[in-house]
Amino acid sequence: MTGIILKFIAILVIMQLLVIIAVCWKNFKQIKKEALFIVLFSVLALLAQVVSTTLSWLKINNIWVLHVYTAGEFVLLYLFYYQVLHLGELKTRLNWPLLFLVAVFGFMVYSSIYIETINGFNPMSRTLECLIMIAFSVFFYIKEIRAIAYFESYDHRREGLLLINTGILLLSSGQFFIYLMSNYMFYEMHNSQSRILWIFNGLLNLLFYSILIVGIWKLASPKKNFSGSY
Amino acid sequence: MEISFTKEELFWLILAGSFFTLFVSTSFALMYFFYRKRLTDQLLKTTEIELQKKSELLESQIIGQDSEREKIARAIHDEISSKLAILQISIEHLKRINLEKNQEETDLIVEIIEKLIASTESISHGLLPPDLEHAGLISAVNGVVEVLNKTGELAIDYTWIDLSDGQHIKETELGVYRIIHELMHNTIKYANAKNVRLNIELNRTSLAISYSDDGAGFNMEEAMNKGLGIRSILSRVQFLNASYNFHSELGQGMEFTLKKIR
């Protein structure tokens, strides 16, 4: 039963990602630069989901996909926050924010090859990514409050960015413990118990991509109407 | 001291930990959204008070501007145009008396005076269209449409229904005339449009216009923030106490409708 639920969730996630990509495709001209990384992230997530689901149906180990996906996801989400949090402004003579990105990416690759096994989970990379994303999403909330308090001109598309940020926060915080203990769940825990945790993880993904659909929709569709009466 | 957990305990620990972190982040996000709403509401209240003050100022500015325009238009018409006409008649009379002498010079003076009369009329009409005062909005707009259609740059499909029984409210019609003027100005200056549709429906209880073009269109929010004359149009709409709808998107032209209960 849990296996069927997991397969069902995987198909739903693929459908959600297709919806996101279709929305972006339809409104490509309206997509702003910062949202472009979310679009690329969705494409990457779709590819990873399709490959891992196919491998899973063929009963081939698909955990290596997670290693590749984690590094790609981190880079794209980091670049998304690099844009929206204006991290480029922090650079001095050296571009520290980009150096940090390169360092973490390098660590993830190194960790996948030399520290963690490619056919096992990557708890170090995943939890590190979750922590960085949680920190970024909290900074984004603070930045938004400051923007309102300082009367920055209102753009309803910012609501879209806010939703995407909320989705990232919920996903990262919900996945934190699961990925921290992922190797233990994989090797030590009863299959039925670990599947329940993966269903929880799958539901988190469904929630995240649902929020992402609304967020992308708001980002990609500028307000076309103004009306009122005096 | 080593703490050990059974598989069962660890399962519940991971599940509880995940729910806990999810609960904390959800609570944080919800608190943020509530706080944000409260802050936005407070700022909206302050902005509304400021807007109220601004609209009162704007109202008096529009009234003053229209009244000054009317005075200048009347002064040009009554003082300058009529005197120029007398001057033209006098010179033509002079030309008839001195048939032989200074023929070329008098012709030139007559030509200059004719141009001056045309210019002053044009300025005077621009400030206060005479048709608007005598024949009403529909006729005044028709005058503008005819001129623009003759240029060949723009094809304006102008239709109207007049069930007002000749009852004109000058202030309202002048306001609507200025809005149409501004819309046409925007179409010519920014939209690069080829076709315009304009419809006016006038009856004893209401006045409604719909205006659309097939031009470049624009991003509504950017236009609202940066100008494009839209703010000026909305100020007029506000002054008229009318309801309106603006619709535009890039590459799709624009549509504007207005309804005013008379």
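Residues numbered from 1 in each chain as written. Chains lettered and ligands numbered in written order. Predicted model: local features only at pLDDT ≥ 70, side-chain atom pairs only at ≥ 80, totals over all residues. Heavy atoms only, no water.

Novice: Would you mind going over the overall build of chain B in detail, with residue names and values included?
Specialist: Counting its regular elements, chain B contains 7 helices and 5 strands. Counting helices and strands in the order they occur from the N terminus, chain B gives α-α-α-α-β-α-β-β-α-α-β-β. Along the first, second and third principal axes, the C-alpha set of chain B runs to 130 × 40 × 35 Å. Burial analysis of chain B (262 residues in total) assigns 37% to the buried set. Across chain B, contacts joining residues at least 24 apart in sequence account for 69% of those joining residues at least 6 apart. Here chain B holds 28 positive side-chain charges and 38 negative ones, and the gap between their average locations is 4 Å. (Helix = DSSP H or I, 4+ residues; strand = E, 2+ residues; numbered from the N terminus. Buried < 20%, exposed > 50% of the residue type's maximum accessible area, 1.4 Å probe, protein only. Contact = heavy atoms within 4.5 Å. Lys, Arg positive; Asp, Glu negative; His and termini not counted. Charge placed at Lys NZ, Arg CZ, Asp CG, Glu CD.)

Novice: Got a sec to walk through the overall build of chain A? Specific residues and values, please.
Specialist: Within chain A one finds 8 helices and 1 strand. For chain A, the sequential pattern of α-helices and β-strands runs α-α-α-α-α-α-α-α-β. Relative to its length of 230 residues, chain A is compact, with a C-alpha radius of gyration of 19 Å against a globular reference of 17 Å. Considering only C-alpha atoms, chain A reaches an extent of 65 × 45 × 25 Å along its principal axes. For chain A, the proportion of its 230 residues judged to be buried stands at 52%. Contacts in chain A between residues at least 24 apart in sequence constitute 77% of all its contacts with a sequence separation of at least 6. Mean positive and mean negative side-chain charge positions of chain A (17 and 10 charges, respectively) differ by 8 Å. (Rg over C-alpha atoms; globule rule 2.2 N^0.38 Å.)

Novice: Please provide a residue-by-residue account of unusual backbone geometry, values included.
Specialist: The backbone phi angle of A:Lys59 is positive, close to 60°, even though this residue is not glycine. Assignment of secondary structure puts A:Lys59 in the loop between helix H2 (33–57) and helix H3 (63–84).

Novice: Let's hear about the pattern of salt bridges: which residues, and what values?
Specialist: Per the counting criterion, the structure on display carries 8 salt bridges over all chains. Among the ionic pairs, A:Glu159 bridges to B:Arg36, the shortest N-O distance being 3.5 Å. Here A:Glu159 is found in helix H6 (residues 158–180), whereas its partner B:Arg36 is found in helix H1 (residues 7–97) on a different chain. By relative accessible area, which is 22% here, A:Glu159 ends up partly exposed. Given the relative accessible area of 11%, B:Arg36 is considered buried. In this structure, B:Arg197 engages B:Asp157 in a salt bridge whose closest nitrogen and oxygen atoms are separated by 3.6 Å. (Salt bridge = Lys/Arg side-chain N within 4 Å of Asp/Glu carboxyl O.)

Novice: Outline the side chain of B:Thr172, listing residues and values.
Specialist: As for its placement among the helices and strands, B:Thr172 is situated in helix H5 (residues 170–191). Dropping the residues within four chain positions of it, B:Thr172 is found in contact with B:Leu207, B:Leu240 and B:Lys260.

Novice: Can you tell me about the environment of A:Leu197, naming the residues and giving the values?
Specialist: Following the sequence through the fold, A:Leu197 ends up in helix H8 (residues 191–220). Linking A:Leu197 and A:Met185, residues 12 residues apart in sequence, is a C-alpha distance of 8.6 Å. Aside from chain neighbours lying at most four places away, what touches A:Leu197 is A:Ile178, A:Met185, A:Met189, B:Phe11, B:Ile14 and B:Leu15.

Novice: Run through the packing of H1(B) against helix H2 (residues 103–127) of chain B, naming residues and quoting values.
Specialist: Residues and elements named next belong to chain B. Where H1 meets H2, the closest approach of the two axes is 9 Å, and the angle between their N-to-C directions is 165°. Comparing the axis directions of H1 and H2 gives the class roughly antiparallel. The handedness of the crossing between H1 and H2 is left-handed. (Axes fitted to C-alpha atoms, helices over the stretch in contact; angles between N-to-C directions. Parallel < 35°, antiparallel > 145°, perpendicular 65-115°, else oblique. Left-handed = near helix turned anticlockwise from the far one by under 90°.)

Novice: Explain the environment of A:Met181 to me, using residue names and the numbers behind them.
Specialist: Within the secondary structure, A:Met181 is located in the loop between H6 and helix H7 (182–187). A:Met181 sits 64 residues away from A:Thr117 along the chain, and the two C-alpha atoms are 15 Å apart. What A:Met181 contacts, discounting residues up to four positions off in sequence, is B:Leu10 and B:Ile14.

Novice: Describe the domain arrangement of chain B, listing the residues and the values that go with them.
Specialist: Many authors give the size of an interface as the accessible area that is lost as the parts come together. Residue and element names in this part refer to chain B. By domain assignment, chain B separates into domain 1 (8–128) and domain 2 (130–261). One C-alpha centre belongs to domain 1, the other to domain 2; they are set 13 Å apart. At the interface, 14 residues of domain 1 touch 9 residues of domain 2. Together domain 1 and domain 2 conceal approximately 1,100 Å² of surface at their shared face, both sides included; 53% is due to carbon and sulfur atoms. Per-residue buried area on domain 1 facing domain 2 is highest for Ile-62, Asp-66 and Leu-128; these three make up 41% of the total on that side. Summed over the shared surface of domain 1 and domain 2, the number is 0 salt bridges. (Domains from an automatic or database assignment. Buried area = accessible area lost by both parts, 1.4 Å probe.)

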